[in-house]
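# Structural description and commentary
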Amino acid sequence: MDKVGCYEFLAEPFHCDFSGRLFMGHLGNHMLNAADFHSSARGFGMKYLMSINRSWVLSRLAIEMNEMPQQYTKFNVETWVESAMRYFTSRNFSVVGDDGRIYGYGRSIWAMIDTESRQPTDIFSIDDGAINNWIVKDKECPIDKGGRVKMSDEAQLVRTIDTYYNDVDINGHINSVKYIEHVLDLWPLDWYRTHQIRRFEIAYVAEAHAGDQLSFYREQTADNEYCIRIVRTDGTECCRSKVVFI
């Protein structure tokens with residue numbers, strides 16, 4: 001079995017925006033599915049981990065796109081493990097068309113948690129550290145890693161939303177991709193008629209659950225660059241995001 005997994009997806013029309021191109025949220029979802037397909041086939045996927053009270057939790061995700069696939073386009077998401085430490089592992093992605101076109105890349109950081117204590121647990125305890133057998137160090141992922149999203153106290157509250165059933169994932173907290181969708185909804189439709197998402201970053205800090213209200217604070221940090229802080233009901237910061245448009 002190859003160390004790099006390659007999985008075919010389709011830009012279904014109902015997963016595309018008004019311009020006929022794939023939503024960023026759905027692309028993120030395809031990347032997370034590819035990660036699960038890859039890890040499951042190699043013995044450290046979610047189905048097995050849940051049976052021993054373990055789970056993968058996404059910590060950081062950065063996606064940088066040259067363009068988004070158009071509706072009805074078939075494309076492949078390649079994924080591979082770049083490195084592994086005791087509590088975190090880094091996984092990369094490339095989005096490649098059937099014609100070899102590179103749509104873009106992604107970088108992610110994952111933690112493994114104990115589903116009962118919700119605390120990080122030793123990745124190398126799974127099958128005597130078998131994840132080390134799948135590390136790929138020589139495959140290029142030519143985008144920057146997601147760094148710390150720096151914001152000042154000048155960020156403005158722009159929206160507060162409620163959370164419901166459809167926001168919650170298998171781990172019982174607000175779904176990682178839902179945060180992406182909620183962030184990108186902070187700009188009106190007309191904005192996207194003249195702007196394209198070049199890069200999206202998100203760093204997850206704390207869990208939120210169904211019933212929590214999420215407040216979004218936004219700050220412009222450069223030309224066409226915005227940072228967002230998301231805070232749950234009790235004032236705890238859940239995550240930070242950065243969006244760069246062109």
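The sections below set out a description of the structure shown in this document. Quick caveat, the model's predicted, so the values are computed rather than measured.

A separate point is helix α3 (residues 176–184). An α-helix turns once every 3.6 residues. As a result, residues three or four positions apart point the same way. Across the 9 residues of α3, 7 count as buried, placing the element largely inside the fold. Every buried residue of α3 is accounted for by Ser176, Val177, Tyr179, Ile180, His182, Val183 and Leu184. Structurally, the start of α3 carries an N-cap: the backbone nitrogen of Val177 is 2.7 Å from a side-chain oxygen of Asn175.

Under the criterion given, the structure shown has 15 salt bridges. A salt bridge links Arg54 to Asp114; the shortest N-O distance between them is 3.1 Å. Within this pair, whereas Arg54 is found in strand β2 (residues 54–65), its partner Asp114 is found in strand β5 (residues 102–114), the two being separated by 60 residues in sequence. Among the ionic contacts, a cluster of salt bridges with common partners joins Arg21, Glu67, Asp99 and Arg101.

Turning our attention to the packing of helix α1 (residues 24–41) against α3. Relative orientation of the contacting elements α1 and α3 amounts to 165°, with a least axis distance of 9 Å. As far as their axial angle goes, α3 and α1 are roughly antiparallel. Crossing hand, α1 versus α3: right-handed. Contact with α1, carried on its side by Met24, Gly25, Gly28, Asn29 and Leu32, involves Ser176, Val177, Ile180, Glu181 and Leu184 of α3 and no other residues of that element. Along the lines of polarity and charge, the residues of the contact of α1 with α3 split into 5 nonpolar, 4 polar and 1 charged.

What follows concerns a nonpolar patch on the surface. Where nonpolar side chains cluster on the molecular surface, the patch consists of Met85, Tyr87 and Phe88 and spans about 290 Å² of accessible area. Along the chain, the position of Tyr87 falls in the loop between β3 (74–84) and β4 (88–97).

Its place among the elements puts Gly25 in helix α1. Excluding residues within four positions of it along the chain, Gly25 makes contact with Val177, Ile180 and Glu181.

The subject of this paragraph is the sheet that holds strand β7 (residues 197–204). With antiparallel pairing, the 10 strands of this open sheet are ordered in space as β1-β3-β4-β5-β2-β7-β10-β9-β8-β6. Each edge of the open sheet is held by one strand with a lone partner, namely β1 (5–10) and β6 (156–162). Taking the axes of each pair of neighbouring strands and ignoring which way they run, one obtains an average angle of 25° across the sheet. Against the sheet, α1 contacts β1, β2, β3, β4, β5 and β7, and its axis sits at roughly 60° relative to β3. Strand contacts of α3: β2, β6, β7, β8 (213–222), β9 (225–231) and β10 (237–245), with the helix running at about 130° to β7, the strand carrying the most contacts.

On to the nonpolar core. Core analysis: the biggest nonpolar cluster contains 59 residues, and Met24, Leu27, Tyr179 and Trp187 have the highest contact counts within it. Core analysis: the next-biggest nonpolar cluster, separate from the first, contains 5 residues, Trp80, Tyr105, Val136 and Cys141 among them.

With respect to the element layout, Thr89 can be found in strand β4. A relative accessible area of 6% means that Thr89 is categorised as buried. Within the structure, Thr89 has its side chain in polar contact with the backbone oxygen of Ser83 (distance 2.8 Å).

Conventions and cut-offs
Residues numbered from 1 in each chain as written. Predicted model: local features only at pLDDT ≥ 70, side-chain atom pairs only at ≥ 80, totals over all residues. Heavy atoms only, no water. Buried < 20%, exposed > 50% of the residue type's maximum accessible area, 1.4 Å probe, protein only. Helix = DSSP H or I, 4+ residues; strand = E, 2+ residues; numbered from the N terminus. Polar contact = N/O pair within 3.5 Å; in protein donor to acceptor, adjacent residues only side chain to side chain. Salt bridge = Lys/Arg side-chain N within 4 Å of Asp/Glu carboxyl O. Axes fitted to C-alpha atoms, helices over the stretch in contact; angles between N-to-C directions. Parallel < 35°, antiparallel > 145°, perpendicular 65-115°, else oblique. Left-handed = near helix turned anticlockwise from the far one by under 90°. Contact = heavy atoms within 4.5 Å. Nonpolar A, V, L, I, M, F, W, Y, C, P; charged D, E, K, R; others polar. Patch = residues over 30% accessible without salt bridge, like charges linked within 9 Å, V, L, I, M, F, W, Y side chains within 5 Å. Areas by Shrake-Rupley, 256 points an atom, 1.4 Å probe, with all protein chains shown as cover. Pairing = 2+ DSSP bridges. Core = buried A, V, L, I, M, F, W, Y, C linked by side-chain atoms within 4.5 Å.

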